[in-house]
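# Notes for the structure review
As a plain string of letters, each chain reads:
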Amino acid sequence: MLLSHGGEPLRTAAPVARWTVEQVLALAPDDASRKAGSKLGSAGPWSGGGCDGSGAVWGQCKGSGSKPYVTVIDITGPAYKCSCPSRKFPCKHALGLLLVWASGESALPASEVPDWAGEWLADRRRRSVEQAEKRAGTDGAPSAGPADPEAARRRAERRAERITGGAQELEERLADLLRGGLVAADQPGYGLWEETAARMVDAQAPGLAARVRELGSMPSSGPGWPARLLEECALLHLLDSAWLGIDRLPEPLAATVRTRVGLTAPAEGPPVRDRWLVLAQYDTPDGKIVARRIWLYGRETGRTALLLSFGAAGRSPGLALPVGVTIDAEITPHPGSGRLRAELGRQFGVPSPTGTPPPGGTAAEAIGGYGDALREDPWLDAWPVTLRDVIPVPSGDGWQLVDAAGDAALPVAPAALSRPGLWKLVALSGGSPVTVFGECGHRGFEPFAAWSTGSDDDSGAGGGTGAGGGTEGEVGADFGDGAQAGGGTEAGTAAAAAAAAGTRGVAAAAARSDTGSGRAGAASGIVPLI
């Protein structure tokens, strides 16, 4: 059975380029699945397996019962089907089969898709094309819209009224807090935050509720918490004021305010087709659900996009893309000032591995890019940037990413200091310049992926970040002693050189403790750090 993919006919039956072990493990929904899938990553428990040029992989895994578990994978999604009862996607059997496939051609030879696998594959790909065409409107039919536009308008008005009432109440509570003094927020039994968050949920403003809960965590965040609490109160007041005066805002900013308050808007506009490099994928808990963020970079457009998906309690989000592959696909952006978030649409062909990073810029340009983004979205915590030719250097209790030229440095965000990815970055660098993708924000820089200098085939700098002009100095001040902008070239270079010797020792130890990850990074060019 010869299958097509993504709506285009298959031109070759040769096996597609195989992923690396690390790219496969990055798809695991949690550590338990990663460990369980690794145990099934050899040919021993598998039989009747194979793969084909359309991106299909299949096999039967021996289990505790009399019948083996039947597993089918569509690499073009990727998508998975397994006869096991697991609610995780991908399950341990799908991860194990992918690991066998990644290990080489002998275990899963190229062959014709069996009927028991082909039926699901053909049906899934047909539905995938239909859904993508429906989202993009490629069938030429006008959008159906709500069944009753007038009823939908009334519902939207009622919700807007509730949100307005919640914003007004929140303003009163913020005023009471500041009038009574911030010290009250640190007293035991202070119940303002949870009560206020519950009121915002009642007002159907989940964005406001999330920010209120974040205020509740400030008093226990360590020294200097009153200043951080005051800053967050100011940002929340700004958001309230923006909502209450949303009719006077330009539409891009108004769309951002609606999103920040918690009103979701569908993706709109013409789809953008490009060859999208998967830069990073990571999950974060968001109340009772799990939010998955996938960062993409368009090879032709130079555009960075964020795919956001959610999973209910006990279930991982459905969308998963292996880090380091390039997909030929369409995305449709959501409205808003930054227009980073997008929906993945129709895919063409099969994902292909690539080792070439996006063009990057300096640390100073990254700060400037974040400053530019803040002018469009004052509530933005961080902005995606690629740093080129930086060296990880110890700095006090933390780390910095220093420009190889010594012009500037960015502190590594506190959240990243305890992750194993930091040591992968140190091992990859070994005191030499690397290219790093991550998020630059007021807390510092969070590294998500890295490339060694040898894997960077692109030329030029600054393609991934913008220059901030006067904003650069203002944002740079938020980093305190960790950010050095302009001048100080000699000091920065000396710091990088002095750290190189000690960093190489740490790098060697990290490389020895993570040999498998190092091999995978070398094979694909990209090294995931989260």
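Above this text is the structure in question.
In what follows, the accompanying structure is described.

Thresholds applied
Residues numbered from 1 in each chain as written. Predicted model: local features only at pLDDT ≥ 70, side-chain atom pairs only at ≥ 80, totals over all residues. Heavy atoms only, no water. Helix = DSSP H or I, 4+ residues; strand = E, 2+ residues; numbered from the N terminus. Contact = heavy atoms within 4.5 Å. Areas by Shrake-Rupley, 256 points an atom, 1.4 Å probe, with all protein chains shown as cover. Pairing = 2+ DSSP bridges. Axes fitted to C-alpha atoms, helices over the stretch in contact; angles between N-to-C directions. 1 Å grid on protein atoms, 1.4 Å probe; cavity = no way out; pocket = protein on both sides within 12 Å on 5 of 7 lines; lining within 4 Å. Points joined across faces, edges and corners; volume = space filled by probe spheres on them. Nonpolar A, V, L, I, M, F, W, Y, C, P; charged D, E, K, R; others polar. Phe/Tyr/Trp six-rings, centres within 6.5 Å; stacked < 30°, edge-to-face > 60°. Lys NZ or Arg CZ within 6 Å of the ring centre and 35° of its normal. Polar contact = N/O pair within 3.5 Å; in protein donor to acceptor, adjacent residues only side chain to side chain. Buried < 20%, exposed > 50% of the residue type's maximum accessible area, 1.4 Å probe, protein only.

Now for the overall build of the protein chain. The helix and strand inventory of the protein chain stands at 15 helices and 16 strands. The long-range fraction of contacts in the protein chain, counting pairs at least 24 apart against all pairs at least 6 apart in sequence, stands at 68%. Counting every atom, the protein chain has about 23900 Å² of accessible surface; 54% of that belongs to carbon and sulfur.

Another point: the sheet that holds strand β9 (residues 341–353). If you trace the five strands once around the closed barrel, you get β5-β6-β7-β9-β8, paired in mixed fashion. In this sheet, neighbouring strand axes are inclined to one another by 45 degrees on average, regardless of whether the strands run parallel or antiparallel. Sheet topology note: the strand β7 (residues 304–311)/β9 ladder contains two bridges and is parallel. By the bridge assignment for β9, leucine 306 is matched with arginine 341.

Taken as a whole, this structure holds one cavity of 30 Å³ or more when the rule is applied. Secondary structure elements with two or more residues in the lining of the largest cavity: α5 (149–180), α6 (192–202) and α7 (206–217). Looking at the lining of the largest cavity residue by residue, the class counts come to six nonpolar, one polar and one charged.

Read from one edge to the other, the open sheet built from four strands follows the order β1-β2-β3-β4, with strand pairing classed as antiparallel. Every interior strand has two partners, whereas the edge strands, β1 (46–51) and β4 (79–82), have only one. When the angles between neighbouring strand axes are averaged without regard to direction, this sheet yields 10 degrees. With six bridges joining them, strand β2 (residues 56–61) and strand β3 (residues 69–74) adopt antiparallel strand pairing. By the bridge assignment for β3, cysteine 61 is matched with tyrosine 69. Strand contacts of helix α3 (residues 92–103): β1, β2, β3 and β4, with the helix running at about 65 degrees to β3, the strand carrying the most contacts.

A few words now on the packing of aromatic side chains. For any pair of aromatic rings, geometry is given as the distance between the ring centres together with the angle between the planes. In the structure shown here, the tally under the stated rule is five aromatic pairs. Put simply, the rings of Tyr282, Trp295, Phe437 and Phe448 pair up and form one aromatic cluster. The ring of phenylalanine 348 has arginine 273 lying over it, and the distance from NZ or CZ to the ring centre is 3.7 Å.

Moving on to the side chain of aspartate 52. Along the chain, aspartate 52 falls in the loop between β1 and β2. Here the side chain of aspartate 52 touches serine 54 through a polar contact of 2.9 Å, side chain to side chain.

Right, let's get into the pairing of strand β11 (residues 398–403). The buried fraction of β11 is high, at six of six residues. Residues of β11 alternate between two faces, with Gly398, Gln400 and Val402 on one and Trp399, Leu401 and Asp403 on the opposite face, all of them buried. When strand β10 (residues 382–395) meets β11, the two strands line up antiparallel, connected through six bridges. Bridge pairing in β11 places valine 390 opposite aspartate 403. Where β10 folds back onto β11 in an antiparallel hairpin, the turn is made up of two residues, including glycine 396, whose phi is positive at roughly 60 degrees. Where β11 folds back on strand β12 (residues 408–411), the antiparallel hairpin that results is connected by four residues, among which glycine 406 adopts a positive phi of roughly 80 degrees.

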